[in-house]
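# Geometric and topological summary
In case you want the letters, here they are:
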Amino acid sequence: MKKVFVLIALLYCSMIPFVQAQQHSEQNHQQYIWPKDALVKKKLDQWQDNKFGLLMHWGTYSQWGIVESWSLCPEDEGWCERKGPASANYFEYKKAYENLQTSFNPIQFNPDKWAQAAQDAGMKYVVFTTKHHDGFCMFDSKYTTYKVTDKKSPFSSNPKSNIAKEVFEAFRKKDFMVGAYFSKPDWNTPSYWWPYFPPKDRNVNYNPKKYPQKWQEFKDFTYNQIEELMTEYGKMDILWLDGGWVRPFSSIDTSISWQRTIPYDQDIDMSRIAAMGRKNQPGLLVVDRTVGGEYENYVTPEQSIPDHYMPIPWETCMTMGSSWSFVPNDPYKSSREIIQTLVDIVAKNGNLLLNVAPGPDGEWHAEAYQRMKEIGYWLNIHGESIYGTKPIAPYREGQWAFNRKGQSVYVTYLPKMGESMPSLITVPWKSVGKSMLVHLIGESTSLSYKITASGIQVRIPNYIQEKLTDNPAWVFKITQTL
């Protein structure tokens, strides 16, 4: 059974419309609205300096090793496909899925271990799924019984049963910025998928204009749950909202295919939600993903990287493995690939939010911990070329990436697998002064060089060549002295 569910997850990762966020990031380039609130601006600057964060998708679905939530969605798409004994009947399947609440018992849950691993990896902020589209709350909401702390859930008797609270506290102790992922659509609450009608697709299953009282119930439900997160879970830096089809009809961009299929105005009054959030959490970053406007403080292309520098705040959210949710034996990206991805993103003015999915027992794959160590080893040496830097033209050029901090420019080469460092290498940086120092990050000795028409030709000593041959990124630091 688990093997077929793995197939669902893999189909989801290859087919789910991550292009949605990529399309939005490109078209929103010219539409981005910079925040006016001074505290929000300050928080946004801090977030941009942090560069590297951790995202975690986790819920009852981890027990089946399937895609998060989407198998409940009655759409004929690969990422919504149902498998298993109850799959032939939608309503029986939904009942079986929701019954996972009665067996979810992640007794190995140890958020302090995760926070330490993330800190060792060089991560600076965390975003945790408090609720995905299926509506199951990983926090102790008063407004539903479909939650990890309800008596139907065996984990409810555990001292750490309020999972989101435990995660946020563990990461705050490590000085992380903290963000709450929250799904705007909720496929469990009767005010979104009203039981009077069967669900038709991912959207609300009734016309909000025809049933305004029902829609008001949903708006209040959403507001109340977000208010819980903003008032009962300590200092919060980011409200990361997913489910971009829940949006005002006026915000739909018909040039984007998935937005053309939204049938109703699903305005949940973001101005009210944001005002409440910032009243309780001054400077709160609100990320109303793909909707645009003043409540999308940064843009979030999903599983993809823009092919050019973008002058607005943005973040690629990407999986460490193949799936957002836990999949047994999930193939993980190499630390080399992740490090080169981070360098590429930072050179284009973005952040990387890397997803790791806990399993049903409350643990990560062993490979995730290993990748964290390897990434952290590189960042411990080369972090000055990442944190607090600003992009500088030409940003990305072939295998080279460019950024700066203070009087120093960092020019990073991304070698291909097996590529050896040569004894002479031309760094394509032409804005040179009368005098400068050139170093390879991690080496105390400055390198000899000469200026050429193509840039700075640097001589690499043999011992450095040998040391850096397998390094995923070679960082040249150029500092003007005159």
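Sequence order as written defines residue numbering, which begins from 1 separately in each chain. Whole-chain, interface and lining totals are the exception, using all residues; otherwise, since this is a predicted model, local features are given only for residues with pLDDT of at least 70 and side-chain atom pairs are given and counted only at 80 or more. Values shown for side chains rest on all heavy atoms present in the structure; no hydrogens or waters enter the calculation.

### Some words on the overall build of the chain
So the rule is basically this: In this text, helices come from DSSP runs of H or I with a minimum length of four residues, and strands from runs of E with a minimum of two, each type numbered from the N-terminal end. When a residue's accessible area, from a 1.4 Å probe over protein chains only, is under 20% of the maximum for its type it is buried; when over 50% it is exposed; and in between it is partly exposed. Residues are treated as being in contact if the distance between any of their heavy atoms lies within 4.5 Å. Per-residue accessibility takes into account occlusion by the displayed protein chains alone, with areas from the Shrake-Rupley method and a 1.4 Å probe. Charged residues are defined here as Lys and Arg on the positive side and Asp and Glu on the negative side; His and the ends of the chain fall outside this count. All charge positions are set by atom: Lys at NZ, Arg at CZ, Asp at CG, Glu at CD.
Helix and strand content of the chain: twelve helices and 15 strands. In terms of its C-alpha atoms, the chain occupies a principal-axis envelope of roughly 75 × 45 × 40 Å. Going through the 482 residues of the chain one by one, you find that 60% of them count as buried. Considering only contacts within the chain whose residues lie at least 6 apart along the sequence, 73% involve residues at least 24 apart. Accessible area for the chain stands at about 19,100 Å²; split by element, carbon and sulfur atoms hold 50% of it. Where the 53 positive side-chain charges of the chain centre and where its 51 negative ones centre are 3 Å apart.

### Re the packing of helix α5 (residues 111-121) against helix α6 (residues 163-172)
Put simply, the rule is: Axes, fitted as lines to C-alpha atoms, cover a helix only where it is in contact. Angles between the N-to-C directions of the axes lie from 0 to 180 degrees. Roughly parallel means an angle under 35 degrees; roughly antiparallel means over 145; roughly perpendicular covers 65 to 115; every other angle is labelled oblique. For any helix crossing, the convention is left-handed if the near helix is rotated counterclockwise from the far helix by under a right angle, and right-handed if that rotation is clockwise.
Orientation of α5 relative to α6, taken along the N-to-C sense of each, is 40°, at an axis distance of 8 Å. Taken together, the axes of α5 and α6 are oblique relative to one another. Once α5 is placed against α6, the crossing between them reads as right-handed. On α6, the residues that touch P111, D112, W114, A115 and A118 of α5 are E166, V167, A170 and F171.

### Digging into the sheet that holds strand β9 (residues 400-405)
The condition is simple: Pairing between two strands is assigned when DSSP locates at least 2 bridges connecting them.
The strand order across the open sheet formed by five strands is β8-β9-β10-β15-β12, and the pairing between neighbours is antiparallel. Of all the strands in the sheet, the pair left with one neighbour each is β8 (390-397) and β12 (436-440). Each neighbouring strand pair of the sheet contributes to a mean axis angle of 20°, computed without reference to strand direction. The pairing of strand β10 (residues 408-413) with strand β15 (residues 474-480) spans six bridges and is classified as antiparallel. Counted as the bridge partner of S408 is T479 from β15.

### Here's the deal with the confidence of the model for the chain
Inclusion rule: Each residue carries a pLDDT score, the predictor's own confidence in it, on a scale running from 0 to 100.
On average, residues of the chain score 93 in pLDDT, and 94% of them reach the 70 mark or higher. Low pLDDT, under 50, characterises residues 1-22; the stretch is placed with 58 contacts to residues that sit more than four places away or in other chains.

### Let's talk about unusual backbone geometry
Each neighbour pair has its own omega, and for A393 with P394 the value is 10°, a cis peptide bond. With respect to the helices and strands, P394 occurs in strand β8. A positive phi is found at K51, a non-glycine position, where the angle reads about 70°. Structurally, the position occupied by K51 is in the loop between α3 (38-50) and β1 (52-56). Overall, K51 belongs to the buried group, its relative accessible area being 3%. For D269, which is not glycine, the phi torsion reads 65° and is therefore positive. Counting through the fold element by element, D269 comes out in the loop between α8 (257-260) and α9 (270-280). Overall, D269 belongs to the partly exposed group, its relative accessible area being 27%.

### A word on the packing of aromatic side chains
Heads up, the rule is: Here a pair means two rings of Phe, Tyr or Trp (six-membered ring of Trp) with centres within 6.5 Å. Their orientation is stacked below 30 degrees between planes, edge-to-face above 60, and tilted elsewhere. Geometrically, a lysine NZ or arginine CZ counts as sitting over a ring once it is within 6 Å of the ring centre and also within 35 degrees of the ring normal.
Counted under the stated rule, the structure contains 38 aromatic pairs. Between W58 and W114, the aromatic rings sit 5.6 Å apart at their centres with planes inclined by 75°, giving edge-to-face as the arrangement. Residue W58 is located in the loop between β1 and α4 (90-98), and its partner W114 is located in helix α5; the two are separated by 56 residues in the primary sequence. Each member of the pair W58 and W114 is classed as buried. Both rings, one in W64 and one in Y93, keep their centres 5.8 Å apart while their planes meet at 50°; by these two values the pair is tilted. Here Y93 lies in helix α4 and W64 lies in the loop between β1 and α4, a separation of 29 residues in the sequence. Summarising the burial analysis for this pair, W64 and Y93 share the class buried. Each residue in the set W58, F104, F109, W114, F136, Y146, F155, W364 and Y369 is aromatic and connected to the rest through ring pairs, giving one cluster. Residue placement shows K200 over the ring face of F197; its charged tip is 5.3 Å from the ring centre. Of note, R202 hangs over the ring of W245, and the distance from its end group to the ring centre comes to 5.3 Å.

### Considerations on the sheet that holds strand β13 (residues 449-452)
Spatial strand order, β11-β14-β13: three strands in an open sheet with antiparallel pairing. The sheet is open, and its two edges are formed by β11 (424-427) and β13, each paired on a single side. Neighbour-to-neighbour, the strand axes of this sheet turn through a mean angle of 25°, independent of strand direction. The pairing of β11 with strand β14 (residues 455-459) spans four bridges and is classified as antiparallel.

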